[in-house]
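The primary structure of each chain is shown beneath.
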Amino acid sequence: MPAYDAAAMVQHASPLPSIDALLRAPRTEPLLIRFGRTAVTAALREVLSARRAAGDFGVLGDATFAAIVDQAAGRLAAQSAMSQRPVFNMTGTVLHTNLGRSTLPPEAAEAAAEALRNATSLEFDLATGRRGERDDHVSSLLCELSGAEAATVVNNNAAAVMLALNTLALGKQVLVSRGELIEIGGSFRVPDIIGRSGAALREVGTTNRTHARDYADAIIPETTAAVLRVHQANYAIVGFTAMVSTETLGRIAHQAGIPLIEDLGSGSLVDLERWGLPHEATPRQSLHAGADIVTFSGDKLMGGPQAGLIVGNKIAITAINRNPLKRALRLDKARLAALETVLRIYADPDRLAERLPALRLLTRPQADIQATAERIGSVMAQHWPDRDIATVACRSQIGSGALPVDLLPSFAVTIGGAGLENLAKLLRALPRPVIGRIARRRLILDCRCLEASDEAGFIAQLT
Ligand SMILES: *Cc1c(COP(=O)(O)O)cnc(C)c1O
């Protein structure tokens with residue numbers, strides 16, 4: 001044995017307890033019950049080796065022993081926290097794609113949870129006892145609400161556009177105005193989606209002006225399979241502009257014997273002007289004007305779960321449903337349950353703004369938002385006496401590419417002073433993270449989406 005073994009000396013000098021002793025301690029028992037032996041052992045090892053690495057051997061007493069277990073408990077709690085969790089959306093963008101777009105009415109969320117917990121009649125016809133169609137739970141509701149002959153649903157609107165083109169224009173040309181070759185949030189680019197659908201893009205017109213003759217001149221018999229109209233979602237072209245109405249476009253397409261597909265993007269099932277919101281095209285209007293297929297998102301202005309809704313004529317929808325890709329893009333039982341619930345809420349339009357969170361938030365009166373801002377602003381001012389805290393009128397956005405130039409009068413709590421990035425980080429680290437935005441050297445917390453029922457929870461975690 002060497003006369004001097006530094007490693008052995010250190011080990012002997014270390015008063016750290018053994019893993020076994022730690023695992024047997026009464027203080028560890030609740031951790032074992034909650035997280036299991038494997039995870040607790042790993043966490044204790046991590047704490048011990050971190051302590052050794054820090055050269056912090058301490059003096060082994062009850063306090064050190066307890067501190068080691070508590071540190072392990074902290075690690076375990078942090079590791080087991082859900083990665084996706086509820087946040088307070090105070091960005092001022094109501095349908096925020098990165099924050100999950102529309103929130104569902106409680107009854108829709110419950111219907112989804114119920115479907116997940118149980119066997120359901122997903123593809124089972126209870127009347128005949130035979131196999132059924134999963135989309136039948138929502139397609140007749142969608143037809144009633146849009147005036148369509150037929151309807152089907154897929155994973156999201158990008159999938160809806162892709163599937164419609166793949167079904168109706170595979171290996172052929174699709175005409176799209178150059179003013180509509182848009183990108184939405186980076187991952188949806190109209191030219192790319194058309195390419196991947198197996199159709200070939202034929203651009204017509206110019207960025208700012210496209211005329212009826214541009215479409216008519218571009219149609220080649222046997223080669224052109226469809227005309228696609230894409231709603232200008234997240235931008236507006238203003239000034240010297242021209243675009244062809246859906247009526248005219250439908251007429252041109254039908255004269256050539258090809259369908260008009262309209263991607264409404266946000267598309268609302270009801271006329272939002274009724275609630276004082278800016279006009280947004282409805283599937284009913286598009287179909288009435290001559291579109292054969294209309295696609296739109298479930299979780300934008302419609303206020304439902306993520307879904308791509310496809311409504312239109314029976315022949316086209318039947319062909320879409322027979323496309324093998326449909327199987328790859330179909331909805332699961334939970335979202336179908338949520339979607340069915342939301343569509344049923346539409347049957348009672350008078351109470352829509354009350355029951356549908358997306359619409360309730362979009363139509364929330366500024367005075368109501370101001371009252372929230374003032375209440376939480378005064379609590380924050382008490383809590384952070386050294387900070388410059390104010391409440392100001394601001395404007396919220398609808399979001400998700402809907403009506404990009406229209407802003408809704410709102411109210412915010414704003415915080416000034418140094419270290420705003422750090423403060424924003426602190427708020428994001430709360431148990432229910434608070435997401436605001438920094439502009440003009442202030443942290444802005446738009447209170448539109450902080451409803452009265454959320455206020456207590458918001459305040460409780462600040463104080
Ligand atoms: C949002 C949007 C899409 C994509 O819809 P997802 O539901 O996000 O897939 C496609 N087209 C337009 C015009 C849109 O606004």
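Scroll up for the structure.
Note that this is a predicted model, so its numbers are computed, not measured.

*Asks:* If you had to explain the sheet that holds strand β5 (residues 173-177) to someone new, which residues and values would you point to?
*Replies:* The sheet built from seven strands is open, its strands ordered β4-β12-β11-β10-β9-β5-β8 with mixed pairing. On the outer flanks of this sheet lie β4 (150-154) and β8 (200-204), each paired with one strand and no other. Pairs of neighbouring strands in the sheet enclose a mean axial angle of 25°, with direction left out of account. The pairing of strand β9 (residues 224-230) with strand β10 (residues 260-265) spans four bridges and is classified as parallel. Note that in β10 the partner of Val227 across the bridge is Leu260. Across the sheet, helix α7 (residues 136-146) lies against β4, β11 (293-297) and β12 (308-312), angled at about 120° from β4, the strand it touches most. Relative to β4, helix α13 (residues 314-322) is tilted by about 30°, and along the sheet it contacts β4, β11 and β12.

*Asks:* Can you tell me about the pairing of β12, naming the residues and giving the values?
*Replies:* With five of five residues buried, β12 is to be regarded as a mostly interior element. With burial as the criterion, each face of β12 is covered, one bearing Gly308, Ile310 and Gly312 and the other bearing Leu309 and Val311.

*Asks:* Go over the packing of aromatic side chains with me, naming the residues and quoting the values.
*Replies:* The final tally for this structure, using the stated rule, is one aromatic pair. Their ring planes at 75° and their centres at 5.4 Å tell us that Phe88 and Phe458 sit as a pair that is edge-to-face. With a gap of 370 residues between them, Phe88 in strand β1 (residues 88-89) and Phe458 in helix α20 (residues 452-460) connect regions that are remote in the sequence. We note Arg432 situated over the ring of Phe88; from NZ or CZ to the ring centre the distance is 4.0 Å.

Definitions and limits used
- Residues numbered from 1 in each chain as written.
- Predicted model: local features only at pLDDT ≥ 70, side-chain atom pairs only at ≥ 80, totals over all residues.
- Heavy atoms only, no water.
- Pairing = 2+ DSSP bridges.
- Helix = DSSP H or I, 4+ residues; strand = E, 2+ residues; numbered from the N terminus.
- Axes fitted to C-alpha atoms, helices over the stretch in contact; angles between N-to-C directions.
- Contact = heavy atoms within 4.5 Å.
- Buried < 20%, exposed > 50% of the residue type's maximum accessible area, 1.4 Å probe, protein only.
- Phe/Tyr/Trp six-rings, centres within 6.5 Å; stacked < 30°, edge-to-face > 60°.
- Lys NZ or Arg CZ within 6 Å of the ring centre and 35° of its normal.

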